[in-house]
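So the chains spell out like this:
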Amino acid sequence: FTNEHEWISFDDGIATVGITDFAAHQLGDIVFVELPDVGKAVTKGGQAAVVESVKAASEVYSPASGAVTEVNQAIADQPGQVNESPEDAGWFYKMTLAAPGELSGLMDKDAYDAYLKTLDH
């Protein structure tokens, strides 16, 4: 998890990226998602996607560097899926990692939950 409320899971050489449940609830009803193009190179901390809700637009930053291998067209077609299942079916994109060591600087679920308690909601 990142301080910007993205999550990344890594399995069998492919990383999956999305926004956290907290971020989805803060945004409110999501009405539009702009996904990166397959093949796009993303950098850790760089903008990878955009999500818009009835409240605001927000960038989605990549938690790691690599190349986009797949996007979740289902959330582009039905953005509300991000609200319904942000940390599962509402994923944004999959990628190969250029530097898997970058993942070591991220938070696990317990650390992220502790981080959320430090924020003013």
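As a reminder, the structure under discussion sits directly above these lines.
Structural notes, computed from the coordinates. Each chain carries its own residue numbering, running from 1 in the written order of its sequence. Totals for whole chains, interfaces and linings use every residue, but because this is a predicted model, local features are given only for residues with pLDDT of at least 70 and side-chain atom pairs only at 80 or more, for both listing and counting. Calculation of side-chain values draws on the structure's entire complement of heavy atoms; hydrogens and water are dropped beforehand.

### Some remarks on the packing of aromatic side chains
The rule is short: rings of Phe, Tyr and Trp, with Trp giving its six-membered ring, pair when the centres are within 6.5 Å, and they are stacked under 30 degrees, edge-to-face over 60, tilted in between. Under the criterion given, the structure shown has two aromatic pairs. Three or more aromatic residues joined by ring pairs make a cluster, and in this case those are Phe1, Tyr112 and Tyr115. Above the plane of the ring of Trp91 lies Lys94, whose end atom (NZ or CZ) is 4.9 Å from the centre. By definition here, charges over rings are those cases where NZ of Lys or CZ of Arg is within 6 Å of the ring centre and within 35 degrees of the ring normal.

### A few points about the layout of surface pockets
Definitions used for this entry: grid spacing 1 Å over protein atoms alone; cavity, a set of points where a 1.4 Å probe fits but cannot get out; pocket, an open set with protein on both sides within 12 Å along at least 5 of 7 lines; lining residue, one with an atom within 4 Å of a point. Grid points are joined across faces, edges and corners, and a volume is the space filled by probe spheres set on the points. Of the voids in this model, the largest pocket is the one considered here, and its volume is about 150 Å³. Lining the largest pocket are 13 residues, with Glu4, His5, Ala23, Ser58 and Glu59 sitting closest to its centre. Secondary structure elements follow DSSP: runs of H or I of four or more residues count as helices, runs of E of two or more count as strands, with numbering from the N terminus. Of all elements in the fold, only helix H1 (21–27) and strand S6 (57–61) reach the threshold of two or more residues within the lining of the largest pocket.

### Here's the deal with unusual backbone geometry
One non-glycine residue with positive phi stands out, namely His5, at about 75°. Positive phi is not limited to glycine here, since Asp12 has a value of about 55°. Structurally, the position occupied by Asp12 is in the loop between strand S1 (6–11) and strand S2 (14–19).

### Remarks on the sheet that holds strand S3 (residues 30–34)
Across the sheet, which stays open at both edges, the three strands sit in the order S3-S5-S6 with antiparallel pairing between neighbours. Looking along the sheet, the strands with just one partner apiece sit at the ends: S3 and S6. Each strand axis lies, on average, 25° off the axis of its neighbour in the sheet, ignoring direction. With five bridges joining them, strand S5 (residues 47–53) and S6 adopt antiparallel strand pairing. Bridge pairing links Val51 to Ser58 in S6. At least two bridges found by DSSP between two strands is the condition for calling them paired. Structural elements are reduced to axes, namely lines fitted to C-alpha atoms, with helices fitted over the stretch in contact, and the angle between N-to-C directions of any two is expressed from 0 to 180 degrees.

Such coordinate-based values are descriptive only and should not be taken to indicate function.
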